[in-house]
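Listed below, chain by chain, are the residues.
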Amino acid sequence: LGIIMICNNEEERFQQEMLKNGVAFKELYRDELCFLVGVQHSLYKQEIVELSEILTSPYVYYKGGFTEDDQNFFARYCDIGKLTTVCMKDRESVKKYVVRSKATTILPVRATMDNIYIQSGLLSTLKLNGAPWTCKVGVVYRKDMPLSREARFIIESIKNIVKQ
């Protein structure tokens, strides 16, 4: 049992992997993705940006968070060979790096709520112009093992929290 986020550009590959590995995915909720930039970034005061604008900045991600699907998606909007990427060990390190640099990162909108970096003005959220870039957050589990009562309780609790 695990909780994961799947971006809309990763969904097809993810479904193939689930079938191959006997894993099921139960969606908990959908969210929009936004970019985060620090006060040093030239786009800090913008609210809406073009993806091609934001990808001129270094892109920071946490270990395992910049997939081949992401690279292919970004390549439609920029010269991927010129895109500078920085890998950090966890999300907290990613946010700290973005605060201290002219880099950017992506987070689900829900993950930015009550975020101390945003509340203090150290980070700003940027939405993409046009169609939103979305993700699904859900639970993955083995198809051959039914979910326990406790797991079902956690799933329902998360769904209820998200509704609020």
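Described below are features of the structure shown in this document. On a predicted model such as this, the values are computed, not experimentally measured, just so you know.

### Describing the overall build of the protein chain
Summing up its helical and strand segments, the protein chain has seven helices and eight strands in all. Taking 164 residues into account, the globule formula puts the C-alpha radius of gyration at 15 Å, and the protein chain, at 17 Å, falls close to it. Its C-alpha atoms give the protein chain principal-axis dimensions of roughly 50 × 35 × 30 Å. A buried classification covers 41% of the 164 residues belonging to the protein chain. Excluding contacts between residues fewer than 6 apart, the proportion of contacts in the protein chain whose partners are at least 24 apart in sequence is 81%. With the model as given, the accessible surface of the protein chain reaches about 9,900 Å², and the carbon-plus-sulfur share is 51%.

### Section: the packing of aromatic side chains
Considering all chains together, one arrives at three aromatic pairs under this definition. Centre to centre, the rings of F14 and F25 are 5.7 Å apart; their planes meet at 85°, and the pair counts as edge-to-face. Remark: F25 occurs in strand β2 (residues 23-38) and F14 occurs in helix α1 (residues 11-21); sequence separation between them is 11 residues. Among the residues examined, F14 registers a relative accessible area of 17% and is labelled buried.

### Brief notes about helix α7 (residues 149-163)
The terminal C-alpha atoms of α7 lie 21 Å apart, and with 15 residues this matches the ideal 21 Å at 1.5 Å per residue to within 8%. For α7, the full list of buried residues reads A151, I155 and V162. An end-on view of α7 places all buried positions within 40° of arc, on one side of the element. Within α7, the exposed residues directed more than 90 degrees away from the buried face are R149, F153, I161 and K163. Where the residues of α7 are buried, they touch β2, α5 (109-112) and β8 (134-142).

Definitions and limits used
- Residues numbered from 1 in each chain as written.
- Predicted model: local features only at pLDDT ≥ 70, side-chain atom pairs only at ≥ 80, totals over all residues.
- Heavy atoms only, no water.
- Helix = DSSP H or I, 4+ residues; strand = E, 2+ residues; numbered from the N terminus.
- Rg over C-alpha atoms; globule rule 2.2 N^0.38 Å.
- Buried < 20%, exposed > 50% of the residue type's maximum accessible area, 1.4 Å probe, protein only.
- Contact = heavy atoms within 4.5 Å.
- Areas by Shrake-Rupley, 256 points an atom, 1.4 Å probe, with all protein chains shown as cover.
- Phe/Tyr/Trp six-rings, centres within 6.5 Å; stacked < 30°, edge-to-face > 60°.
- Expected span 1.5 Å × (residues − 1).
- Arc of directions from axis to C-beta.

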